[in-house]
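Residues per chain, in single letters:
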Amino acid sequence: MARKDTGGLDDFLKGMGVDVVGVADLGEYKDDRLWDEAQKLLPGAKSIVVMAMEVFRETVSRVTSRALIGDMALRDLYKANTDVIDGLLDWEGFKLVKGLHAKGYKGLLLSAGGAPYDARFLEGPLSYKHLAKAAGMGILGWSSLLLTPEYGGRVRLAAVITDAAFNASPPLYMENPCIECGGACIRICPAKAISKPEDGDDYRIDKYACSSYYTASGGCAECLKVCPAGRVSG
Ligand code: SF4
Ligand code: SF4
């Protein structure tokens, strides 16, 4: 298929200071909820640029849901680290929106740490991991996490919706690591929230069980810590 002339915008994406960038062409999703939700947020939207940055393995490995009162709260390190990563993602997204404005386009930043979110149903109008999948950046693992080829599930995400027509990222061809792994996340989840998916689903998770456990214990990343996906070691 012929590539669109984006007036140098695609080159702008190459210079972004994030680990992975992907683009979803909304024109390919006109019968999908993704199209409707994007149009609600930015009428005339044509593309979504998704940005990812790695969370270091050393940081993830220090998170525990079993901290004792008075003990060092190493999971606070995770929060401090991901706050920095979220800020960097948002800064790159902010610069992208400024660049779009300079060329006469609109851009709406969906921040890494502050996306629109409906706490009643534990979901936002646009799920970042589904956006990243649409942008060819990864697949959805049995844990329900986005699994990228580079970092597995150890990524934070942000996105920019725009009326600029970027070229879509190529489809991702990636072996599903869950088949070989066989469900380490299912076995370790303390809330028993994860089950093996059936009927062509990517994953099956009781997000209320996960959320309740996560809130009551002050944090949990057991499914992420145990996940072998990703080729970049920490
Ligand atoms: S722990 Fe294993 S089954 Fe679970 S998401 Fe990771 S690779 Fe897939
Ligand atoms: S974050 Fe913890 S409770 Fe939630 S699915 Fe992962 S392991 Fe289970």
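Just above sits the structure.
In the region of ligand 2, the neighbouring residues are C189, P190, A191, A193, I194, C210, Y213, Y214, C220, E222 and C223. Mapped onto the shell around ligand 2, the elements with two or more residues apiece are α8 (207-217) and α9 (222-226). Per element, the largest residue contribution to the shell around ligand 2 is 3 residues, and it comes from α8. Looking at the shell around ligand 2, its residues break down into 10 nonpolar, no polar and 1 charged.

Attention now goes to the site of ligand 1. Not every one of the 13 residues close to ligand 1 is listed here, only the nearest: G141, C178, C181, C185 and C227. Counting residues per element, the ones that place at least two in the shell around ligand 1 are α6 (177-181) and α7 (184-188). With 3 residues, the top contributor of residues to the shell around ligand 1 is α6. A per-class count over the shell around ligand 1 returns 10 nonpolar, 3 polar and no charged.

Pairing is antiparallel in the open sheet, where 4 strands are placed in the order β1-β2-β6-β3. Only two strands of the sheet have a single neighbouring strand rather than two, namely β1 (20-25) and β3 (107-110). Geometrically, the sheet is characterised by an average inter-axis angle of 20° between neighbouring strands, direction not taken into account. Pairing of strand β2 (residues 47-54) with strand β6 (residues 155-162) involves 8 bridges; the strand directions are antiparallel. What sits directly across from V50, in β6, is A159. Docked against the sheet, helix α4 (residues 75-102) engages β2, β3 and β6, running at close to 20° with respect to β6.

Core analysis: the biggest nonpolar cluster contains 64 residues, and I48, V50, A52, L131, L157 and A159 have the highest contact counts within it. Other than its neighbours up to four places away in sequence, L131 contacts A24, I48, V50, L126 and A159.

Relative to the helices and strands, I139 is located in strand β4 (residues 139-140). Residue I139 is classed as buried on the basis of its 20 C-beta neighbours within 10 Å. It is 7.8 Å that separates the C-alpha atoms of I139 and M174, two residues lying 35 residues apart in sequence.

By the element assignment, G17 lies in the loop between α1 (9-14) and β1. Residue classification places G17 among the exposed residues on the basis of 11 C-beta atoms within 10 Å. Here the alpha-carbon distance between G17 and M53, two residues 36 residues apart in the chain, equals 9.2 Å.

Here we take up α4. Taking 1.5 Å of rise per residue, 28 residues should cover 40 Å, and α4 covers 41 Å from first to last C-alpha, within 8% of that figure. Those residues of α4 that sit buried are Y78, I85, L89, E92, G93, L96 and L100. Contact partners of the buried residues in α4: β2, α3 (57-61), β3 and β6. Just past α4, the residue G104 takes up positive phi, approximately 90°.

Here we come to the environment of D25. Within the fold, D25 resides in strand β1. Among the residues examined, D25 registers 17 C-beta atoms within 10 Å and is labelled partly exposed. Separated by 143 residues in the primary sequence, D25 and A168 place their C-alpha atoms 5.1 Å from one another. Not counting residues up to four positions away in its chain, the partners in contact with D25 are S47 and A168.

What follows covers unusual backbone geometry. Positioned with a positive phi, S144 is a non-glycine residue whose angle comes to about 80°. The topology assignment puts S144 in the loop between β4 and β5 (146-147). Its identity is not glycine, yet K192 carries a phi of approximately 50°, on the positive side. Positionally, K192 belongs in the loop between α7 and β7 (194-195).

Rules used throughout
- Residues numbered from 1 in each chain as written.
- Chains lettered and ligands numbered in written order.
- Predicted model: local features only at pLDDT ≥ 70, side-chain atom pairs only at ≥ 80, totals over all residues.
- Near = placed C-beta within 6 Å.
- Helix = DSSP H or I, 4+ residues; strand = E, 2+ residues; numbered from the N terminus.
- Nonpolar A, V, L, I, M, F, W, Y, C, P; charged D, E, K, R; others polar.
- Pairing = 2+ DSSP bridges.
- Axes fitted to C-alpha atoms, helices over the stretch in contact; angles between N-to-C directions.
- Contact = placed C-beta atoms within 7 Å.
- Core = buried A, V, L, I, M, F, W, Y, C linked by C-beta atoms within 7 Å.
- Buried ≥ 20, exposed ≤ 12 C-beta atoms within 10 Å, placed from the backbone.
- Expected span 1.5 Å × (residues − 1).

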